[in-house]
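Below, each chain spelled out in residue letters.
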Amino acid sequence: MIVSQNKMPFTLSKFGKWAKSGKFCKAALRFSVAALAVGIGGSAYAQTQLIPQQPAPGPSVTESPVPSTIESNPISSGGIQVDSLGGLDLDSIGTLSPGQGGLGYDMWRQSSLQDVFSLITQMPVSYNSAVGNNLAKRLLLSSAGRPLDDKPLQSAQSLLSLRLEKLAELGAYTDLDNLFQRIPTRSDNEQQARYRSDSLLMTGKNGDACQVIRGMSATGKDSYWIRGMVYCHFLQKQVDQALLSLDLLRETGEDADPLFEELALAASGANIKISGKSAGRVEPIHWALAALSGAQLSEDLDNFLNPGVRNALIQSENYPLERRVYAAEAAVTSGVLSPDVLIDLYSGYAFEPEEIDAAVGGQIKREGPALRALFLQAAQLQAVPAARAEIVKAALDQAAEDGTSFLMSRVIADLVTEIPHSSDLTWFALPAGRTLYLAGQRERADAWLLLARQYMLSEETAAANLTSLWPYARLSGMEGGERYGTLKGWASAQSGIGPEVLNQQLVMLRSCMQALGENTRLSWGELASLEIASPGLAPSAALLYGLKDAQNGGRLAEVVLLSLIILGEEGPSDTHSLALGGVVEALYSVGLQDEARSLAIEAAVLSGI
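Residues numbered from 1 in each chain as written. Predicted model: local features only at pLDDT ≥ 70, side-chain atom pairs only at ≥ 80, totals over all residues. Heavy atoms only, no water.

(A) Broad picture of the environment of Thr203. Along the chain, Thr203 falls in the loop between helix H7 (190-202) and helix H8 (206-217). A relative accessible area of 26% means that Thr203 is categorised as partly exposed. The spatial distance from the C-alpha of Thr203 to the C-alpha of Asp175 is 9.9 Å, given a sequence separation of 28 residues. If near-sequence neighbours (up to four positions away) are discounted, Thr203 is found in contact with Tyr173, Thr174 and Asp177. Within the structure, the side chain of Thr203 is placed 3.3 Å from the backbone oxygen of Leu200, a separation counted as a polar contact. (Helix = DSSP H or I, 4+ residues; strand = E, 2+ residues; numbered from the N terminus. Buried < 20%, exposed > 50% of the residue type's maximum accessible area, 1.4 Å probe, protein only. Contact = heavy atoms within 4.5 Å. Polar contact = N/O pair within 3.5 Å; in protein donor to acceptor, adjacent residues only side chain to side chain.)

See below:
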């Protein structure tokens, strides 16, 4: 909520003077707003609605071992039934079955309900990792039986409500809306109703959102419902009623929201500039009101956007291209957004043919997102494999200088997939293989490593590329990969990096390979003799021992949850090697082998290997 001590010095409507003269208690205020709701129509929210639990047939999970997005299956609105809650177990409701990426109905088997509730409360809501973001959503969206009820929750606590809260904080509003279609409205408490309203606003179901808002406006204690009524009156073109609700909102003296007031004035037809000086988060109600008023949120607010609002801005053609691209680049780098969205945005840049031709070896005057878009478009237009490979390598080399290697590798991976591994491209084996290992295209990446091995005796670059790709082959589980190198051999071939960084990389690789059951032929004793400072702070012993205990007990979802907490918001790039190895081993042991390997590869790329 946007909070400020400043109040607007003018009256917001013709009712302003009357409103200021009265003293309204909160109950009277809610009564007044509820009365205004009658102008919109009767509330359907109070009806008991129940959506069938079984999802309609949907697409299977993507072929990629770790999909960048999770598509939960919506239920059509025609499936609404009037019924009582009966014996419905709300905590077990989800949108993902095992075939859709769910972790399985038994994922909480033998886990304590109270412990699970406490751990989900600690769960981060952002991850600098595609694997982390993917696992978090799958954990929260899976259909699953309740954990062991050996330690009952307090009466006000609910596992379902906590899952909804975390999905909202992740900004996963489409997934949240799909989940709400399976949850009867009668079960909603005030907070849950707010998440339902937000998910409807962010998926364009504004009329349905106003049904929820009207249903809560008379009894809800949060000022959110008054703001919601302001929006709903504007939606129905009831400007006077909207402004009266806004005056009443200001009379509470609580939760001043300058941004909301500015957007409301814009919706009323006033010529006002959205200042962007308000501190706090820009939430779905702000986004919906901005869209309704035709106002554009100030760029100064971009660092305060709710993740779901940020995703909406990225998709909105009403905002400047470069602003959307910057937001999309951050989201792709952190693994929140599919690279396809950013690739589409890059296509919006216009370049002269001379600029495209100069992408390799010429004088380039572009920088930042425009430069990355130039490289991408030049590679897309080039049909000759060798020429495309040159552009891709130039793009990745530039990204290494800019500190955007991780981003560019994700963006350009599909183009690399289309380049055949041929004898005249042995020089391209390293950038191609590294990019494809990160993208989860492991068989194609292995082909580039084998190409380098085939020509290692005749071409110097091939031998170097083989050595550099070897760690990724081992982390990916390439069959026979141990024959193509050793950790010592890899370390001796590294140049241009200091011994401290190299030692850190060695420890990280040794830890992850051991966790994946890969024999490294390098003992911990040998590594211990080196001067090593592992990056990241070691997590608490309780978390590490808890993860090991969950691993030994085969408690899959608990392993995922503890792994997410240990990885934290910074993800594998800032996780202590001991903890990273423990997470990779635990995920691998409970059947999430692809996710474990993808996490280890992410860590390797982020560490600069």
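(B) Quick look at helix H13 (residues 307-315). Along H13, the residues that are buried comprise Pro307, Gly308, Val309, Ala312, Leu313 and Ile314. Contact partners of the buried residues in H13: helix H5 (159-170), helix H6 (173-180), H7, helix H12 (284-293), helix H14 (321-333) and helix H15 (339-346). For H13, the capping residue at the N-terminal end is Asn306, with a side-chain oxygen 2.6 Å from the backbone nitrogen of Gly308.

(C) Quick peek at the layout of surface pockets. Size it by volume and the largest pocket reaches roughly 820 Å³. In this structure, the largest pocket is lined by 31 residues; those nearest its centre are Ala400, Leu430, Arg434, Gly608 and Ile609. Contributing elements (two or more residues each) for the lining of the largest pocket: helix H18 (385-402), helix H19 (405-417), helix H20 (429-438), helix H22 (460-476), helix H23 (487-493), helix H24 (499-515) and helix H29 (593-606). Among the elements that make up the lining of the largest pocket, the one with the highest residue count is H22 (six residues). Within the lining of the largest pocket, the residues separate by chemical class into 15 nonpolar, 13 polar and three charged. (1 Å grid on protein atoms, 1.4 Å probe; cavity = no way out; pocket = protein on both sides within 12 Å on 5 of 7 lines; lining within 4 Å. Points joined across faces, edges and corners; volume = space filled by probe spheres on them. Nonpolar A, V, L, I, M, F, W, Y, C, P; charged D, E, K, R; others polar.)

(D) Highlighting the packing of aromatic side chains. Per the stated rule, a full pass over the model turns up six aromatic pairs. Note on Trp287 and Tyr319: the rings are 5.7 Å apart at their centroids and 20° apart in plane angle, and the pair reads as stacked. Linking Trp287 in helix H12 with Tyr319 in the loop between H13 and H14, this pair joins segments that are 32 residues apart in sequence. The exposure classification of Trp287 matches that of Tyr319, with both residues buried. Centroid distance Tyr349 to Phe351: 6.3 Å. Interplanar angle 10°. Geometry classified as stacked. Sitting above the plane of the Phe260 ring, Arg227 keeps its charged end 5.9 Å from the centroid. (Phe/Tyr/Trp six-rings, centres within 6.5 Å; stacked < 30°, edge-to-face > 60°. Lys NZ or Arg CZ within 6 Å of the ring centre and 35° of its normal.)

(E) Spatial organisation of the side chain of Arg510. Here Arg510 lies in helix H24. Here Gln514 takes part through its side chain, which lies 2.8 Å from a polar atom of the side chain of Arg510. Beyond its immediate chain neighbours, meaning those up to four positions away, Arg510 contacts Leu487, Thr520, Leu522, Ser523, Trp524 and Leu527.

(F) Layout of unusual backbone geometry. The residue Gln110 is not glycine, and still its phi comes out positive at about 70°. You can see Gln110 is positioned in the loop between helix H2 (26-37) and helix H3 (113-122).

(G) Just the environment of Trp470, in detail. Among the structural elements, Trp470 can be located in helix H22. On the basis of relative accessibility, which here comes to 2%, the residue Trp470 falls in the buried class. Separated by 13 residues in sequence, Trp470 and Arg483 place their C-alpha atoms 9.5 Å apart.

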